[in-house]
Amino acid sequence: FFSHPMSGLGWDLVPSLSGLTAGTVGVLISHPFDTVKTRIQAGWSTRGHAVLSTTLQEQGIHGLYRGILPPLLSVGLVQAATFTIYQHMKNALDGKVQCQTFLAGLVSGAIPSFFTLPSYYVKVQLQNEKGKFGTGTLQYCCNLMQQHGVRPVLRAMYGK
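Keep in mind that this is a model prediction, so the values were computed, not measured.

Draft legend 1. Inspection of the pattern of salt bridges at higher detail. Under the counting rule described, the total for this entry stands at 1 salt bridge. Salt-bridge contacts for Lys37 lead to Asp34; the nearest nitrogen and oxygen are separated by 3.3 Å. Residue Lys37 and its partner Asp34 are both found in helix α1 (residues 13-41); the two are separated by 3 residues, about one turn of the helix.

Spelled out as C-alpha cells, the structure:
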C-alpha cells in the first residue's frame with residue numbers, strides 16, 4: 001500500500017510517512033505548551049496560567065503559536081529521517097549483534113539532533129519576543145545572519 005515501487009531495493013515509505021505524520025501532529029499539539037514553558041523560563045511569570053492569560057490578552061491565539069514555523073518545517077522531516085534510519089539500521093544489524101534495537105535507536109536519535117538544534121534556537125528566540133509581531137521566522141533569520149553571522153546558533157549548539 002505505502003511501499004515505494006523500488007521496495008525490492010529496501011526502500012519502504014511507511015517509516016518515513018509515519019515519522020513525518022508523528023512529527024507534524026506532535027508540533028501542532030505541543031507548541032502552545034512549549035511557548036508557555038519557554039516564556040516561564042524567560043521570566044514572564046512563574047505561573048503558567050499567568051503567562052497563558054497575558055499571551056492571549058496581548059497577542060491572541062497567534063501568540064501561542066509564535067515560532068512554530070522552524071519546528072513545523074524541521075520536526076516532521078527529522079522524525080521521518082529518524083524512523084527511516086532506525087528501520088534501516090535495525091535491518092542492517094539483524095542477526096549480527098544482540099543489541100540491534102539499542103544500536104539502531106542510538107544512531108537514529110543522534111544523527112538528526114545536529115539538524116534540529118538551529119531550528120530550536122530560532123523557535124525559542126521568536127517565542128520570547130514579547131508583543132513584537134514584525135519579526136517572522138525568515139525575517140529573524142536574515143537579521144540574525146546579517147548582524148551576527150552563525151555565531152549565536154553555533155554557541156547554542158556547542159556552548160562556546
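Draft legend 2. Spatial organisation of helix α5 (residues 100-127). With 28 residues, α5 ought to run about 40 Å at 1.5 Å a step, and its terminal C-alpha atoms sit 39 Å apart, in line with that. At Phe114, α5 shows its strongest bend, of approximately 40°, with the proline Pro118 following within four residues. For α5, every residue scored as buried is listed here: Gln100, Ala104, Ser108, Pro112, Thr116, Ser119, Tyr121, Val122, Lys123, Leu126 and Gln127.

Draft legend 3. Examining the packing of α5 against helix α6 (residues 137-148) more closely. Contact geometry of α5 with α6 gives a least axis separation of 11 Å together with a crossing angle of 110°. Of the possible angle classes, the one that applies to α5 and α6 is roughly perpendicular. Residue-level inspection shows Tyr121, Val122, Gln125 and Leu126 of α5 in contact with α6, the latter providing Thr137, Tyr140, Cys141 and Leu144. Here the contact of α5 with α6 is built from residues that sort into 6 nonpolar, 2 polar and no charged.

Draft legend 4. Spatial organisation of the packing of helix α4 (residues 69-93) against α5. At a minimum axis distance of 8 Å, the contact between α4 and α5 shows a crossing angle of 165°. In terms of orientation, α4 and α5 fall into the roughly antiparallel class. The hand of the α4/α5 crossing is right-handed. By residue class, the composition of the contact of α4 with α5 is 15 nonpolar, 8 polar and 2 charged.

What counts and how
Residues numbered from 1 in each chain as written. Predicted model: local features only at pLDDT ≥ 70, side-chain atom pairs only at ≥ 80, totals over all residues. Heavy atoms only, no water. Salt bridge = Lys/Arg side-chain N within 4 Å of Asp/Glu carboxyl O. Helix = DSSP H or I, 4+ residues; strand = E, 2+ residues; numbered from the N terminus. Expected span 1.5 Å × (residues − 1). Bend = angle between axes of the 7 residues up to and from the residue. Buried < 20%, exposed > 50% of the residue type's maximum accessible area, 1.4 Å probe, protein only. Axes fitted to C-alpha atoms, helices over the stretch in contact; angles between N-to-C directions. Parallel < 35°, antiparallel > 145°, perpendicular 65-115°, else oblique. Contact = heavy atoms within 4.5 Å. Nonpolar A, V, L, I, M, F, W, Y, C, P; charged D, E, K, R; others polar. Left-handed = near helix turned anticlockwise from the far one by under 90°.

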